[in-house]
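# Tertiary structure, described
Here is what each chain is made of, one letter per residue.
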Amino acid sequence: MVDEINSLGREKIDEIVANEYPEFLIKEKREEKHELPELRNVHGRVVMRMAPSPSGPLHIGHSRMAILNDEYVKRYGGELILRIEDTNPDNIDPDAYQLIPEDLKWLGVNVTKSVIQSSRMEIYYRYARDMIKSGHLYVIERDQKYFHDMKMKSLAVPERNASPEENEEKFDRLLNNYYDEGQAAVVMKTDLNHPNESIRDWIAFRINKTPHPLTGDRYVLYPTMNFSVSIDDHLLGLTHVIRGIDHLVNTEKQRYVFRANNWKEPEYYHYGFIKIPDSVLKTSTIKEGIRTGRYTGWDDVRLGTLMALRKRGYSPETFRRYWIMSGMRESNAVFSWDIFDSIDREIIDYKSMRFFFVNNPVKINLENNIDLKSHVPYHPERPDLGFREYDFHVNSDIYIDENDLNSIDEGEYIRLKDLCMARKAGGKISYVPDDGRRKLRVIHWCPVNSIDFKVYRPDGTVDSGKLEPLAESLNGVAQMERYGYINKSGCTGYYLHR
RNA sequence: GCUCCGAUGGUGUAGUCCGGCCAAGCAUUCCGGCCUUUCGAGCCGAUGACUCGGGUUCAAAUCCCGAUCGGAGCACCA
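Residues numbered from 1 in each chain as written. Chains lettered and ligands numbered in written order. Predicted model: local features only at pLDDT ≥ 70, side-chain atom pairs only at ≥ 80, totals over all residues. Heavy atoms only, no water.

On to the overall build of chain A, then. Each helix and strand in chain A was counted, giving 14 helices and 27 strands. Principal-axis analysis of the C-alpha atoms gives chain A an extent of 100 × 80 × 40 Å. Partitioning the intrachain contacts of chain A with sequence separation of at least 6 by distance along the chain shows that 69% fall at a separation of at least 24. In the form shown here, chain A has an accessible surface area of approximately 25000 Å², with 48% of it arising from carbon and sulfur atoms. Separation between the mean location of the 70 positive side-chain charges and that of the 78 negative ones in chain A comes to 1 Å. (Helix = DSSP H or I, 4+ residues; strand = E, 2+ residues; numbered from the N terminus. Contact = heavy atoms within 4.5 Å. Areas by Shrake-Rupley, 256 points an atom, 1.4 Å probe, with all protein chains shown as cover. Lys, Arg positive; Asp, Glu negative; His and termini not counted. Charge placed at Lys NZ, Arg CZ, Asp CG, Glu CD.)

See the structure below:
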């Protein structure tokens, strides 16, 4: 039967279907849904975590892991742990301990519990001691090159076979500050024949004598991320871990700790890299920029930090929708400011009041022979918000954008938005009575008593011009007609997007 | 070089696990038009993709093999 039908050929089949079963040709419009996929092995509540290192505040890239984890905890219920990973004293900005939670709060991420790894050192030591006793950890007293060369060749260093007692003795020496940096380390025993050299016996603890911002010089032996993460993921009861593909190999390493202790492993997910164009994100670059005065601070609008994006007026909801839309694919992608801004516009448009901001202002006289009145709603679709009203007596001055002035042809009729018709003659724009004609070019304007206003753009340029008086007392996100959305704060504004 | 991962229009995604409803959906951008006293919003339309080559099958974006391209890791960083 099937063979018979298939042998008919596409056109013949279409013909038969069209004649005899026309109802099959009606296509339902498929709904688009941007939902995150279900997680594997969810039994009731989930426990998830975000694990930033405190090297600075969060940037737009970090917001992905925060949103993804938060979304799932919101969906299934459970705990969302913020774990600050500060086990490398060389890479800590003390301010980050405050800034990170503030960023998360602004994003609407509901952290139910916070832990700081540097306050859990005794826990790591205790588990290390246990794992030394069970033969999973050993201490080397060698420079790293020797150790590294040996494992590249799948060879065991002699210490690998030392007795637990011997290792514990050395471990105590490590704890008691007996060695200099680089002279000794604690190693996780994995598999020297693993095809991926970096997964073979990896370093679990190393010496670092840089004073720690929180614990000072109390400790000199710090766990590496792969060790402390494994211990904490287990102890905190993580059910699901979502992080970037840069951790793919780390996940493999951490599994050895779980297996060594017979612990139940969380479900792991890794999302791909996102290239974020036109953004300064690198913490070291930003820090250096702030130090040299190139940037005004972490919230400089030229930066891609959440602080900067917040200052420009982005809605936290935009981040959420964007990252949910991006999902958890392992393939790399390019961040789209177009899409991001479009989402943001959708969110803010309805609640943004409209104003006139004239950039590059030039004063002109309207030469109006009658009094004029402008009566404009604060929002074109929302008369409930009220109206902006300005009165103009005979021969009023107004400001218009010099670029507008120059782009109007001699003799051309234009419309000054919500004010009157005008015509360019002899290089000047003058009032003409409204004859009701349509489709004229529309330009905006500002009354002479407008305030001086500056707008800082993310590309580093600054627009300065005139802002209509009724906008003076209002702060927050507003739309400057024919210019774009800005976030206003006093006499300055920050450019959001078109 | 070694190990691992990935590949759907310009961009982002849906579909891939469990082959047929996919002659491939949605969003965004660009282009054309409408509407509009904003360059915002809205409406209509158009262009545009399953990396390539084999294989399996009645049937492949989907399964298998290979190639190509891209990415990550190869730290006593996270």
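I60 and F319 are the most contacted members of the largest nonpolar core, which has 46 residues in total. When residues of this core are traced back to their parent elements, those giving at least two are β1 (46–50), α3 (60–76), β2 (78–84), α4 (96–107), β9 (267–271), α11 (306–312), α12 (316–326) and α13 (337–348). Setting aside anything within four residues of it in sequence, one finds I60 in contact with I276, L281, G304, L306, L309, F319, W323, F335, W337 and F340. (Core = buried A, V, L, I, M, F, W, Y, C linked by side-chain atoms within 4.5 Å. Buried < 20%, exposed > 50% of the residue type's maximum accessible area, 1.4 Å probe, protein only.)

Attention now goes to the environment of E317. Along the chain, E317 falls in helix α12. Given a relative accessible area of 36%, E317 falls into the partly exposed group. Residues E317 and L68, 249 residues apart in the sequence, show an inter-C-alpha distance of 13 Å.

On to the sheet that holds strand β27 (residues 492–497). As summarised here, the arrangement of the seven strands in space is β12-β25-β26-β27-β23-β24-β13, forming an open sheet in which the pairing is mixed. The two strands at the open ends of the sheet, each matched to only one other strand, are β12 (353–355) and β13 (357–359). For this sheet the average axis-to-axis angle between neighbouring strands, irrespective of direction, equals 40°. Bridge analysis of strand β25 (residues 476–480) against strand β26 (residues 484–489) gives five bridges, and the strand direction is antiparallel. Each residue of the ladder has a partner; that of M480, found in β26, is G484. Across the sheet, α13 touches β25, β26 and β27, and the angle it forms with β27 is around 120°. (Pairing = 2+ DSSP bridges. Axes fitted to C-alpha atoms, helices over the stretch in contact; angles between N-to-C directions.)

Turning next to the pattern of salt bridges. Taken as a whole, this structure holds 41 salt bridges when the rule is applied. A salt bridge links R441 to E412, with the shortest nitrogen-to-oxygen separation between them at 3.2 Å. With R441 in strand β21 (residues 441–443) and E412 in the loop between α14 (402–407) and β18 (413–416), the pair connects residues that are 29 residues apart, well separated along the chain. By sharing partners, the salt bridges in this structure join R388, K417, D418, E468 and E481 into a single network. (Salt bridge = Lys/Arg side-chain N within 4 Å of Asp/Glu carboxyl O.)

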